[in-house]
Amino acid sequence: MIEQRLPELFEAVDVSDAPPAPALDPLLHKARRSVRRRRWTAVAVMLLTVIALVGAVQQYPHHRLAPASPPSGTPTLPDTIAGYSALTAKVSRAPGGRAILIYEFGNGELINMFQPIALGADADTYRQIDAAETGRGYRPWLLSPDGAFVVMSEPSALTRQLTIADLVKGGTRSVSLPEPVALTLLAISPDSRRVAYASVPTLSADGAAANGISQDTARYGTLAITDLSTGATVRFPQFQPVEAVAFAPDGQQLAVQTKLETWIATVDGHSVRRVPMPPGRGIAPRVAWSPDGALLATIGWGTDTWQNLENKTETVYRPEYTDTSILFVSATAQAAGTAVAIGKAIPQGELLGWRSADRVLMVDGYEAAIFTEVPVDGSPSRVVSRVDPRHSCELTMQKCATFEIRAATGLLLSAEPRAAGAPNRGPWPPWFVAAVLGVLLAVVGIGLLTRRRMRAHAVT
Amino acid sequence: MRAPDERAYADYVQGRMPALRRTSFHLCGDWHEADEVLQLALIKLYRHWRKAAAAEAPDAYVRKVLVNTFLEHRATWWQRRVRPGDTPHEPPPTQTPEERLDLRQALARISKGQRAVLVLRYWEGLDVAETAQVLGCSPGTVKSQTSYALAALRRLMPDYIQETR
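Analysis parameters
- Residues numbered from 1 in each chain as written.
- Chains lettered and ligands numbered in written order.
- Predicted model: local features only at pLDDT ≥ 70, side-chain atom pairs only at ≥ 80, totals over all residues.
- Heavy atoms only, no water.
- Helix = DSSP H or I, 4+ residues; strand = E, 2+ residues; numbered from the N terminus.
- Buried < 20%, exposed > 50% of the residue type's maximum accessible area, 1.4 Å probe, protein only.
- Contact = heavy atoms within 4.5 Å.
- Areas by Shrake-Rupley, 256 points an atom, 1.4 Å probe, with all protein chains shown as cover.
- Arc of directions from axis to C-beta.
- Polar contact = N/O pair within 3.5 Å; in protein donor to acceptor, adjacent residues only side chain to side chain.
- Axes fitted to C-alpha atoms, helices over the stretch in contact; angles between N-to-C directions.
- Parallel < 35°, antiparallel > 145°, perpendicular 65-115°, else oblique.
- Nonpolar A, V, L, I, M, F, W, Y, C, P; charged D, E, K, R; others polar.
- pLDDT = per-residue confidence, 0-100.
- Left-handed = near helix turned anticlockwise from the far one by under 90°.
- Pairing = 2+ DSSP bridges.
- Phe/Tyr/Trp six-rings, centres within 6.5 Å; stacked < 30°, edge-to-face > 60°.
- Salt bridge = Lys/Arg side-chain N within 4 Å of Asp/Glu carboxyl O.
- Patch = residues over 30% accessible without salt bridge, like charges linked within 9 Å, V, L, I, M, F, W, Y side chains within 5 Å.
- Lys, Arg positive; Asp, Glu negative; His and termini not counted.
- Charge placed at Lys NZ, Arg CZ, Asp CG, Glu CD.

**A look at the overall build of chain A**
For chain A, the helix and strand inventory stands at 6 helices and 31 strands. Residues counted as buried form 46% of the 460 residues belonging to chain A. Considering only intrachain contacts with a sequence separation of at least 6, the fraction spanning at least 24 residues in chain A is 55%. Total accessible area on chain A stands at roughly 21800 Å², and carbon and sulfur atoms take up 58% of it.

**Some thoughts on the overall build of chain B**
A tally of helices and strands in chain B yields 10 helices and 0 strands. Its helices and strands taken in sequence order, chain B reads α-α-α-α-α-α-α-α-α-α from the N to the C terminus. For chain B, with 165 residues in total, the buried portion stands at 47%. Pairs at least 24 residues apart make up 65% of the contacts formed inside chain B by residues separated by at least 6 positions. For chain B, the accessible surface area stands at approximately 8000 Å², while carbon and sulfur atoms represent 51% of it.

**Some remarks on helix H8 (residues 128-135) of chain B**
All names here are of chain B. Within H8, burial applies to Val128, Thr131, Ala132, Val134 and Leu135. Buried residues of H8, seen end-on, are gathered within an arc of 160° and therefore sit on one face of the element. Capping the start of H8 is the job of one residue whose side-chain oxygen sits 3.2 Å from the backbone nitrogen of Ala129: Asp127. Phi for Gly136, located one or two positions after H8, is positive at around 70°.

**Thoughts on the packing of helix H1 (residues 2-12) of chain A against helix H7 (residues 112-123) of chain B**
Two elements in contact, H1(A) and H7(B), have axes separated by 9 Å at closest approach and are oriented at 90°. Judged on the interaxial angle alone, H7(B) and H1(A) are roughly perpendicular. When H1(A) is examined against H7(B), the residues Glu3(A), Leu6(A), Pro7(A), Phe10(A) and Glu11(A) are found in contact with a partner set consisting of Leu118(B), Val119(B), Tyr122(B) and Trp123(B). Residue composition of the contact of H1(A) with H7(B), by class: 7 nonpolar, no polar and 2 charged.

**Describing the confidence of the model for chain A**
All names here are of chain A. On average, residues of chain A carry a pLDDT of 85, and 89% of them reach 70 or more. Between the elements of chain A, mean pLDDT differs from a low of 45, seen in helix H3 (residues 62-65), to a high of 97, seen in strand S9 (residues 149-152). Contacts of residues 62-69 to residues separated by more than four positions or lying in other chains number 7 contacts, the stretch itself having pLDDT below 50.

**So, the packing of helix H1 (residues 3-28) of chain B against helix H2 (residues 31-47) of chain B**
Residues and elements named next belong to chain B. Contact pair H1 / H2: the axes reach a minimum separation of 9 Å and the direction vectors enclose 145°. Crossing hand, H1 versus H2: right-handed. Mapping the contact onto sequence places Glu6, Tyr9, Tyr12, Val13, Met17, Leu20, Arg21, Ser24, Phe25 and Cys28 in H1 and Trp31, Glu33, Ala34, Asp35, Val37, Leu38, Leu42, Ile43, Leu45 and Tyr46 in H2. Among the residues forming the contact of H1 with H2, the class breakdown is 15 nonpolar, 1 polar and 4 charged.

**Structural notes on the confidence of the model for chain B**
For chain B, the mean per-residue pLDDT works out to 79, and 79% of the residues sit at or above 70. Confidence drops under a pLDDT of 50 for residues 91-95 of chain B, and excluding neighbours within four residues, the segment shows 10 contacts in the predicted structure.

**Structural notes on the environment of Thr125(A)**
Residues and elements named next belong to chain A. Locating Thr125 in the fold gives a position in the loop between strand S4 (115-120) and strand S5 (126-128). Separated by 28 residues in sequence, Thr125 and Gly97 place their C-alpha atoms 8.0 Å apart. Residue contacts for Thr125: discarding those within four places in its chain leaves Gly96, Ala118, Leu119, Gly120 and Asn424.

**Some details on the sheet that holds strand S2 (residues 80-81) of chain A**
All names here are of chain A. Overall, mixed pairing links the 5 strands, which are arranged S2-S27-S26-S25-S24 in an open sheet. Each edge of the sheet is formed by a strand with only one pairing partner; in this case those strands are S2 and strand S24 (350-356). Direction of pairing for strand S26 (residues 370-375) relative to strand S27 (residues 382-387): antiparallel, over a ladder of 4 bridges. Bridging from a neighbouring strand, Ile370 pairs with Arg386 of S27.

**Digging into the packing of aromatic side chains**
Where two aromatic rings form a pair, the distance of their centres and the angle of their planes describe that pair. Residue and element names in this part refer to chain A. A full pass over the atoms with the stated rule returns 12 aromatic pairs over all chains. Residues Tyr84 and Phe105 carry aromatic rings whose centres are separated by 6.3 Å and whose planes lie at 40° to one another, so their mutual orientation is tilted. Of this pair, Tyr84 sits in the loop between S2 and strand S3 (99-106) while Phe105 is found in strand S3, placing the two residues 21 residues apart along the sequence. Look at Tyr84 and you get buried, because its relative accessible area is 13%. For Phe105, a relative accessible area of 2% gives the class buried. Ring geometry for Tyr103 versus Phe105: centroids 5.8 Å apart, planes at 80°, classification edge-to-face. Side by side, Tyr103 and Phe105 carry an identical accessibility label, which is buried.

**Considering the pattern of salt bridges**
Residues and elements named next belong to chain A. The full count for this structure, using the stated rule, is 22 salt bridges over all chains. The shortest N-O distance in the salt bridge between Arg355 and Glu373 comes to 2.8 Å. Of this pair, Arg355 sits in strand S24 while Glu373 sits in strand S26; the two residues are 18 residues apart in sequence, bridging distant segments of the chain. Glu373 carries the same exposure label as Arg355, and that label is buried. Connected via shared salt-bridge partners are Arg355, Arg359, Glu373 and Arg382.

**Examining the environment of Ala246(A)**
Take Ala246(A): it is sitting in strand S15 (residues 242-247). Separated by 41 residues in the primary sequence, Ala246(A) and Val287(A) have C-alpha atoms spaced 5.4 Å apart.

**Looking at a positive patch on the surface**
A cluster of basic side chains, namely Arg33(A), Arg36(A), Arg37(A) and Arg39(A), defines a positive patch on the protein surface. Tracing the chain through its elements places Arg33(A) in helix H2 (residues 24-59).

**Details of the side chain of Thr298(A)**
Of note, Thr298(A) is situated in strand S20 (residues 295-307). When neighbours within four sequence positions are excluded, Thr298(A) is seen to be in contact with Met277(A), Arg281(A), Gly282(A), Ile283(A), Ala284(A), Ser325(A), Ile326(A), Leu327(A) and Val329(A).

**Structural notes on the sheet that holds S15(A)**
Residue and element names in this part refer to chain A. Pairing is antiparallel in the open sheet, where 4 strands are placed in the order S15-S16-S17-S18. For this open sheet the edge positions go to S15 and strand S18 (272-275), each flanked by a neighbour on one side alone. Going from strand to strand, the sheet's axes swing by 25° on average, the running direction of each strand aside. Pairing of S15 with strand S16 (residues 253-258), which is carried by 5 bridges, proceeds in the antiparallel orientation. Pairing of Val245 across the sheet is with Val256, part of S16.

Structure below.
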């Protein structure tokens, strides 16, 4: 039987051609290297796993499990506003809650890198307001005083509706208008229920051009107020063209800038009186009225004139470019009286809202916006926040700039400045998750292949 | 690995190298691959030396590592590419005297699993249960693989069959 002879046959196998036995030192060297390599591989796998898990957790739709409810805490304003990030999530996907500020952020010299951003009022949440994006640019917008939603209009066409983006729940809805109009949004009432705007039924030849709607409404626009809950619209034909509007704190009156005159009217349009203003001045857009109703913030107003396509002289009324100072006047002065300036003019900046009856929040700076709290009596101001200037846009070729800043004016009154925390930008965008997973899979695949080949060639 | 452990590992490897090398050679059929497989197995042993040294029978542990390294090595992508048809499972039915093989050549003609079974049982002297434990399979599988392997050897080495009659 062969199995009985096999041990003997094994013993008899010719091993005379055996090469010298391998030395021990190279074996030890390779063994040590193998241990080190496995340790590093384990660390790398752990790191990649952690990254994948973090990504997966970030992807988890928290907002769908926990319906957002209006927060009741004190709103806050971080001392530093985080820089640009392409990974900022969109409101429709992961709403960041009520906002203290909204702004366009980025640059577009060579690469279009703008983002319409909402900065959370309760945490360092940053979200892209995707409802503001259109194929033809961003929608003009206003932030509701309670920071809960953004009202938007069409940037370059007639529309039959206003678009409302809910920053708390992430949805959008439309409010129908009585007829198609081209409109410029002017102000939201303090109770966030009504929106005032200037509208024209058609666009002129000039108005059809870029930025044409604001040009047309500044020349011909009629004031209208629409109730955002019912859609009811009240028109104010006596105010044409209307340039700016500010609601009184009780929401029952409006300060209206028409041409170079300032008027105060009740929201039903029944009572109207003119307000005396210093020469060349009119109300600051949107937020002129102080929270106690006593003051109106004013800015310089001027005109531009030009010959239109039909060779007629056109005039448009607009804020003064050269003098951007803010001056406060009495909101209760009678038309026959004289404008009374309160305090000294605040030299520079754009008025965002009121921190109290005697302090305002201003913003200044283009590429590194600085938010300053300024007393109306002209006493020293203090910086409460600024945009982080370290970050750059367009692959570091340009600095990021801030545009179209709007504040939640109702929240500003109680907002507490605080040290900024780590930015919460929400879940990674799907394209980034796909890229990370692709790289992860590629790394693991290459690692496995390399490991197999190295194992096969360990001796050589 | 700490220095005392590494010294113990080196002593063990140096002492057992000839026997392990011979087993590896019987499994692989050529010295180049035998040294390669043995080195891979000894590197694995280095990584798990504490466990192996603590085992009641370190040799059994090392044997298991060696055989499994051989089986894995034969399953690698590289080995499959460079050794196509190296291990035909069914030997030719008849051979001329010039074609008759010795054990080394005959082992090269049977499958890696059957070769491992023969080496473990008839070179290492393990019984069915021990062989099954090393290979991680059932005793029934060991028995059937042994039977197939022996049948193959009988066809490949008719001279030895005749001698034993």
